[in-house]
Amino acid sequence: QVQLVESGGGLVQAGDSLRLSCAASGRTFSSDVMGWFRQAPGKDREFAARINSSGGSPFYADSVKGRFTISRNNAKNTVYLQMNSLKPEDTAVYYCAVARTYWATTKPNEYAYWGQGTQVTVSS
């Protein structure tokens, strides 16, 4: 059974950093595109970052570009999201996801498996 477990969220102040982790189990994900999404209260789930199977070609939403970095360690079946210079508008539940195909980009329906999410709260 495929399982994704996010960790690393918390309450921080504006300008602080957090590193989210997503540990995958159930099978090897070294051939899969992985992504991070987030969902703020009352809003739709939105794309944050994507990385291809080898760890190259990272792609970011404009709202996080230059502040967030996605990476992965295929030996550990884990994907990360380093978040720097956090802003109150980054407050959301953050989810990692496994893409359905290599061509997946920013749409949630392009991703097949999801974690339960980890809360990130940034105070001003």
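Everything numeric here is computed off the predicted structure, so don't read it as measured data.

Draft legend 1. Representation of the overall build of the chain. Tallying secondary structure elements over the chain gives zero helices and eleven strands in all. Seen in sequence order, the chain has helices and strands lined up from the N terminus as β-β-β-β-β-β-β-β-β-β-β. Relative to a compact globule of 124 residues, whose C-alpha radius of gyration would be 14 Å, the chain shows 13 Å and is just as compact. C-alpha extents for the chain along the principal axes are approximately 40 × 25 × 25 Å. When each of the 124 residues of the chain is scored for burial, the buried share is 44%. A separation threshold of at least 6 residues defines the contact pool for the chain, and within that pool the share at least 24 residues apart is 57%. Within the structure as shown, the chain displays about 6300 Å² of accessible surface, and the carbon and sulfur contribution to it stands at 47%. One way to put it: in the chain the 13 positive side-chain charges average out to a point 5 Å from where the 9 negative ones average out.

Draft legend 2. Just the sheet that holds strand E8 (residues 78-83), in detail. One open sheet accounts for four strands, arranged E1-E3-E8-E7; its pairing is antiparallel. The open sheet terminates on both sides in strands that have one partner only, identified here as strand E1 (3-7) and strand E7 (68-73). If you compare each strand with its neighbour and ignore which way they point, the axes differ by 15 degrees on average. Relative to E8, E7 runs antiparallel, the two being bridged by six bridges. Its bridge partner lying in E8, isoleucine 70 is registered against leucine 81.

Draft legend 3. Quick look at the nonpolar core. Trp36, Ile70, Val79, Leu81, Met83, Tyr94 and Tyr111 are the most contacted members of the largest nonpolar core, which has 35 residues in total. At the level of elements, strand E3 (18-25), strand E4 (34-39), strand E5 (46-51), E7, E8, strand E9 (92-99) and strand E11 (118-123) are the ones that each hand at least two residues to this core. At six residues, the largest contribution of residues to this core is made by E9. Every residue in contact with leucine 81, bar those within four places of it in the chain, is listed here: Leu18, Arg19, Leu20, Trp36, Ala49, Phe68, Thr69, Ile70 and Tyr94.

Draft legend 4. Geometry of empty space enclosed by the protein. Across all of its chains, the model carries one cavity of 30 Å³ or more by this definition. Its boundaries defined by the atoms lining it, the largest cavity holds a volume of some 50 Å³.

Draft legend 5. Up close: the pairing of E7. Residues Phe68, Ile70 and Arg72 point to one face of E7 and are all buried, whereas Thr69, Ser71 and Asn73, pointing to the other face, are not buried. The turn joining E7 and E8, which pair antiparallel and follow one another in sequence, is formed by four residues; a positive phi near 55 degrees is taken by asparagine 77.

Draft legend 6. Highlighting the pairing of E9. Counted residue by residue, E9 has seven buried out of eight residues, so it is predominantly covered. In the sheet, E4 pairs with E9 via six bridges, with the strands oriented antiparallel. What sits directly across from phenylalanine 37, in E9, is tyrosine 95. Judged from the three bridges that link them, E9 and E11 form a sheet pairing that is antiparallel. Across the sheet, the residue bridging to valine 93 is glutamine 119, located in E11.

What counts and how
- Residues numbered from 1 in each chain as written.
- Predicted model: local features only at pLDDT ≥ 70, side-chain atom pairs only at ≥ 80, totals over all residues.
- Heavy atoms only, no water.
- Helix = DSSP H or I, 4+ residues; strand = E, 2+ residues; numbered from the N terminus.
- Rg over C-alpha atoms; globule rule 2.2 N^0.38 Å.
- Buried < 20%, exposed > 50% of the residue type's maximum accessible area, 1.4 Å probe, protein only.
- Contact = heavy atoms within 4.5 Å.
- Areas by Shrake-Rupley, 256 points an atom, 1.4 Å probe, with all protein chains shown as cover.
- Lys, Arg positive; Asp, Glu negative; His and termini not counted.
- Charge placed at Lys NZ, Arg CZ, Asp CG, Glu CD.
- Pairing = 2+ DSSP bridges.
- Axes fitted to C-alpha atoms, helices over the stretch in contact; angles between N-to-C directions.
- Core = buried A, V, L, I, M, F, W, Y, C linked by side-chain atoms within 4.5 Å.
- 1 Å grid on protein atoms, 1.4 Å probe; cavity = no way out; pocket = protein on both sides within 12 Å on 5 of 7 lines; lining within 4 Å.
- Points joined across faces, edges and corners; volume = space filled by probe spheres on them.

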